[in-house]
Amino acid sequence: MLYSGAHLIKTGGQQLELFNKLKLGPQPIQPVNHASPSGSSLDEETQGALLRFARFINQENEKKQKETNRPAQNKSHPYKKAFAAEFKFTNTGLIIDIYA
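Asks: Explain the overall build of the protein chain to me, please; I cannot follow it from the model alone.
Replies: Along the backbone of the protein chain there are three helices and zero strands. When the elements of the protein chain are put in sequence order from the N terminus, they spell out α-α-α. Out of the 100 residues belonging to the protein chain, those deemed buried represent 2%.

Asks: Explain the confidence of the model for the protein chain here, please?
Replies: For any part of a model where pLDDT is low, the fine detail of the predicted coordinates should not be relied upon. Per-residue confidence for the protein chain gives a mean pLDDT of 76; residues scoring 70 or more make up 77%. For the protein chain, the element scoring lowest by mean pLDDT is helix α1 (residues 5-24), at 78; helix α2 (residues 44-68) scores highest, at 87.

Asks: Where do I start with the pattern of salt bridges in this structure?
Replies: Note that side chains of opposite charge can pair when their charged atoms are close. Under the counting rule described, the total for this entry stands at one salt bridge. With a closest N to O distance of 3.9 Å, Lys63 and Glu60 form a salt bridge. Within this pair, Lys63 and its partner Glu60 are both found in helix α2, separated by three residues, close to a single helical turn. When its relative accessible area of 49% is taken as the criterion, Lys63 is described as partly exposed.

Asks: Quick question: what am I supposed to make of a nonpolar patch on the surface here?
Replies: A cluster of nonpolar residues, Phe53, Phe56 and Ile57, forms a patch on the protein surface that exposes about 300 Å² of accessible area. Along the polypeptide, Phe53 turns up in helix α2. Judged by its relative accessible area of 51%, Phe53 is exposed.

Asks: Would you mind showing me how to read the packing of aromatic side chains here?
Replies: The relative placement of two aromatic rings is captured by the distance of their centres and the angle of their planes. Under the defined criterion, the tally for this structure stands at two aromatic pairs. Geometrically, the ring pair formed by Tyr79 and Phe83 is edge-to-face, given 6.3 Å between the ring centres and 70° between the ring planes. Residues Phe83 and Phe87 carry aromatic rings whose centres are separated by 6.3 Å and whose planes lie at 40° to one another, so their mutual orientation is tilted.

Scoring rules and cut-offs
Residues numbered from 1 in each chain as written. Predicted model: local features only at pLDDT ≥ 70, side-chain atom pairs only at ≥ 80, totals over all residues. Heavy atoms only, no water. Helix = DSSP H or I, 4+ residues; strand = E, 2+ residues; numbered from the N terminus. Buried < 20%, exposed > 50% of the residue type's maximum accessible area, 1.4 Å probe, protein only. pLDDT = per-residue confidence, 0-100. Salt bridge = Lys/Arg side-chain N within 4 Å of Asp/Glu carboxyl O. Patch = residues over 30% accessible without salt bridge, like charges linked within 9 Å, V, L, I, M, F, W, Y side chains within 5 Å. Areas by Shrake-Rupley, 256 points an atom, 1.4 Å probe, with all protein chains shown as cover. Phe/Tyr/Trp six-rings, centres within 6.5 Å; stacked < 30°, edge-to-face > 60°.

Here is the structure:
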């Protein structure tokens with residue numbers, strides 16, 4: 001790939017920084033602080049906020065489950081018996097629906 005002199009001057013510093021980062025290699029990962037009683041490095045305020053959020057989500061899920069566990073008022077469709085034959089013939093291929 002051909003570069004102009006102006007392009008090389010503009011990106012020369014960026015390429016040097018990239019080269020230095022690659023030469024240093026990846027930075028070591030800091031170990032987790034296990035000295036805290038909860039086993040995490042979060043402060044108490046953040047930990048409390050996370051617990052409140054988890055309780056809120058749990059309560060919302062319980063509300064949804066209660067709503068979905070209600071028995072249905074009308075379990076069968078009123079026209080189910082009337083159209084049973086048509087559904088049977090359509091599924092077996094004896095009736096073909098053609099839409100224009």
